[in-house]
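A look at the structure
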Amino acid sequence: MEHQNYRNHRKFYPPHHFIYLPLLLILLGVGIYKSMDDEINRLPWILFSVSVFLMLYLAIMVRQHYALGLQDRIVRLEFRQRYFEMFGLRSDTIEEKLSFSQIAALRFAYDDEFKTLLEKALKENISGDEIKKSIRNWRADHSRI
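Before going into details, it helps to say that this report is about the structure given with it.

**Quick look at the side chain of lysine 132**
You can see lysine 132 is positioned in helix α6 (residues 128–134). Aspartate 129 is the oppositely charged side chain nearest to the buried, salt-bridge-free lysine 132, at an N-O distance of 5.3 Å.

The structure is reproduced here in structure tokens:
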């Protein structure tokens, strides 16, 4: 498996991202074009375009909504567990001071960098993206959605 780092850590689901969504975009484009070009059948093409748009919207939102909601909860739980294992304390007060993007970014750091980056995030309020860019030894997460 390829070594994971900042440049390649995003994950795609090819049937969804590279077949289904582009096909819906093409159909939406055809529908919009035909609704402007075909005066006789304008209403059916408008209805077609609206239907395709709704399918596209639902395909994007429903898939992402449930998967990302669950993933966010798991990332927070992993942060709490890791913080407890490293410091022997509950993370409630620390977690309240961090944004989700900061918590999510910290999971890519190994323990030695985790402590340093956590302290930096708390003191300097650096963004999750800056945390990711600061990681020297990337801890891969190949099981993300």
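Next, the rest of the story.
**Comments concerning helix α5 (residues 111–124)**
Since the α-helix packs 3.6 residues into each turn, any two residues three or four apart lie on the same face. In this model, α5 (14 residues) spans 20 Å end to end at C-alpha, consistent with the 20 Å of a helix rising 1.5 Å per residue. Among the residues of α5, those classed as buried are Glu113, Phe114, Leu117, Leu118 and Ala121. Taken around the axis of α5, the buried residues stretch over an arc of 135°, which confines them to a single face. What points out from α5, more than 90 degrees from its buried face, is the exposed set Asp112, Thr116, Lys123 and Glu124. Considering only its buried residues, α5 is in contact with α2 (42–87), α3 (92–97), α4 (100–106) and α6. Looking one or two residues past α5, asparagine 125 carries a phi angle of roughly 55°, positive in sign.

**Focus on the packing of α2 against α5**
To characterise two packed helices, one gives the angle between the axes of the helices and the distance between these axes. Orientation of α2 relative to α5, taken along the N-to-C sense of each, is 100°, at an axis distance of 12 Å. With respect to their mutual orientation, α2 and α5 come out roughly perpendicular. Residues Phe79, Arg82, Tyr83, Met86 and Phe87 of α2 lie in contact with α5, whose contacting residues are Asp111, Phe114, Lys115 and Leu118. Among the residues making up the contact of α2 with α5, the classes are represented as six nonpolar, no polar and three charged.

**Regarding the packing of aromatic side chains**
Scanning the entire structure with this criterion turns up seven aromatic pairs. Both rings, one in tyrosine 83 and one in phenylalanine 87, keep their centres 4.6 Å apart while their planes meet at 40°; by these two values the pair is tilted. With tyrosine 83 and phenylalanine 87 both in helix α2 and four residues apart, the pair spans about one turn of that helix. On the basis of relative accessible area, phenylalanine 87 is assigned to the partly exposed category, the value being 35%. The residue whose ring lies beneath lysine 115 is phenylalanine 87, and the NZ or CZ to ring-centre distance is 5.9 Å.

The rules we used
- Residues numbered from 1 in each chain as written.
- Predicted model: local features only at pLDDT ≥ 70, side-chain atom pairs only at ≥ 80, totals over all residues.
- Heavy atoms only, no water.
- Helix = DSSP H or I, 4+ residues; strand = E, 2+ residues; numbered from the N terminus.
- Buried < 20%, exposed > 50% of the residue type's maximum accessible area, 1.4 Å probe, protein only.
- Lys, Arg positive; Asp, Glu negative; His and termini not counted.
- Salt bridge = Lys/Arg side-chain N within 4 Å of Asp/Glu carboxyl O.
- Expected span 1.5 Å × (residues − 1).
- Arc of directions from axis to C-beta.
- Contact = heavy atoms within 4.5 Å.
- Axes fitted to C-alpha atoms, helices over the stretch in contact; angles between N-to-C directions.
- Parallel < 35°, antiparallel > 145°, perpendicular 65-115°, else oblique.
- Nonpolar A, V, L, I, M, F, W, Y, C, P; charged D, E, K, R; others polar.
- Phe/Tyr/Trp six-rings, centres within 6.5 Å; stacked < 30°, edge-to-face > 60°.
- Lys NZ or Arg CZ within 6 Å of the ring centre and 35° of its normal.

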